[in-house]
Amino acid sequence: MRHSDEIETPRGPARADTDVPAGPVDTLLVLGHGAGGDVDAPDLVAVRDAVTEAGVGVIRVTQPYRVAGRRAPAPAGHLDEAWTVVLAALRARHPDVARWVVGGRSSGARVACRTAGAVGAAGIVALAFPLQPPGRPERSRADELRTGLPTLVVNGDRDPFGVPAPAPGVDVVVRPGERHDLRVDPAGTAAVVRDWLRARGWTPA
């Protein structure tokens, strides 16, 4: 089942693109986009395809500022607020889902990390996590990954935003030849996500 609709938030309407496999779904993966991008980024689409084939539902969420046609990102607090409201609405729509995994790419990954506890997530998938602004290692965002939840980080070895170090509960997979957009081999990146979910028992047997 595939459909797209809008969800009202205090920051304006967000959009949810839902892809759910046929039959019962125990796990839903909710993904957010990068700061100036959208949910049709190659890595997000590839993850959707690989994960739904494995029996996991995927919902890609477009933040209100992008629905309104703006490219400049909203403040972090606004992003987090809208995301949290959307997750609550999605939970109400899918009351039989046992497990919610949150994530996204770049800015979307940061939003997912900051709000994971508040939305009751079971785990996090962070694609192209922007560890630091380019050339500014003193402004590390590594603390955002320390949520206490199982977390997968997939970054390219040529990402100018850096690559986080593995930590307890934080698995880091470095993709050779990839930059921040993870465009070289989206299917390979998606396979990493699918296999991580499967290893945790979060896909159908």
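Residues numbered from 1 in each chain as written. Predicted model: local features only at pLDDT ≥ 70, side-chain atom pairs only at ≥ 80, totals over all residues. Heavy atoms only, no water.

*Asks:* I tried to follow the pattern of salt bridges on my own but got confused; where do I start?
*Replies:* When charged atoms on two side chains of opposite charge get close, those side chains can pair. With the rule as written, the count across this model stands at 17 salt bridges. Here Arg-60 makes a salt bridge to Asp-19, at a shortest N to O gap of 4.0 Å. Taken as a pair, Arg-60 in strand 4 (residues 57-62) and Asp-19 in strand 2 (residues 14-19) lie far apart in primary sequence, 41 residues in all. According to the relative accessible area criterion, Asp-19 is buried, its value standing at 5%. Where Arg-175 meets Asp-185, a salt bridge forms, and the shortest distance between an N and an O atom there is 2.8 Å. (Salt bridge = Lys/Arg side-chain N within 4 Å of Asp/Glu carboxyl O. Helix = DSSP H or I, 4+ residues; strand = E, 2+ residues; numbered from the N terminus. Buried < 20%, exposed > 50% of the residue type's maximum accessible area, 1.4 Å probe, protein only.)

*Asks:* Please clarify how helix 5 (residues 186-199) should be interpreted in this entry.
*Replies:* Because an α-helix completes one turn every 3.6 residues, residues spaced three or four positions apart along the sequence face the same direction. Look at helix 5: 20 Å from first C-alpha to last across 14 residues, which is about the 20 Å you get at 1.5 Å a residue. Every buried residue belonging to helix 5 is among Pro-186, Gly-188, Thr-189, Ala-190, Val-192, Val-193, Trp-196 and Leu-197, and all of these are buried. Residues of helix 5 that are buried make contact with helix 1 (42-53), strand 5 (99-105), strand 6 (123-127), strand 7 (151-156) and strand 8 (170-175). In the segment just after helix 5, Gly-201 is the residue with positive phi, at about 75°. (Expected span 1.5 Å × (residues − 1). Contact = heavy atoms within 4.5 Å.)

*Asks:* Is there a simple way to explain helix 1 in this structure?
*Replies:* The terminal C-alpha atoms of helix 1 lie 17 Å apart, and with 12 residues this matches the ideal 16 Å at 1.5 Å per residue to within 8%. When we look at burial in helix 1, the residues that qualify are Asp-43, Leu-44, Ala-46, Val-47, Arg-48, Ala-50, Val-51 and Thr-52. Gly-55 occupies a position one or two residues after helix 1 and carries a positive phi of about 95°.

*Asks:* Quick question: what am I supposed to make of the environment of Arg-48 here?
*Replies:* Tracing the backbone through its elements, the reader meets Arg-48 in helix 1. The class for Arg-48 is buried, based on a relative accessible area of 11%. Taking the C-alpha atoms as reference points, Arg-48 and Val-58, separated by 10 residues in sequence, lie 5.9 Å from one another. In contact with Arg-48, not counting residues within four places along its chain, are Arg-2, Asp-19, Val-58 and Arg-60.

*Asks:* Any chance you could explain the pairing of strand 1 (residues 2-7) here in plain terms?
*Replies:* Residues in a regular strand project their side chains so that they alternate between the two faces of the sheet. Relative to strand 2, strand 1 is paired through 6 bridges, and the arrangement is antiparallel. Each residue of the ladder has a partner; that of His-3, found in strand 2, is Thr-18. (Pairing = 2+ DSSP bridges.)

*Asks:* I tried to follow the sheet that holds strand 1 on my own but got confused; where do I start?
*Replies:* Judged by pairing direction, the sheet is mixed, and its 8 strands sit side by side in the order 1-2-4-3-5-6-7-8 without closing on themselves. Two strands in the sheet have a free side with no partner beyond their single neighbour: strand 1 and strand 8. Between one strand axis and the next, the sheet turns through 20° on average, direction left out of account. Contacts from helix 1 reach strand 1, strand 2, strand 3 (27-32), strand 4, strand 5 and strand 6, with the element oriented near 160° to strand 4. Relative to strand 7, helix 5 is tilted by about 165°, and along the sheet it contacts strand 5, strand 6, strand 7 and strand 8. (Axes fitted to C-alpha atoms, helices over the stretch in contact; angles between N-to-C directions.)

*Asks:* Is there a simple way to think about the environment of Val-97 in this case?
*Replies:* Looking at the secondary structure, you find Val-97 in the loop between helix 3 (76-93) and strand 5. Counting along the chain gives 71 residues from Val-97 to Asp-26, while the straight-line C-alpha distance between them is 4.9 Å.

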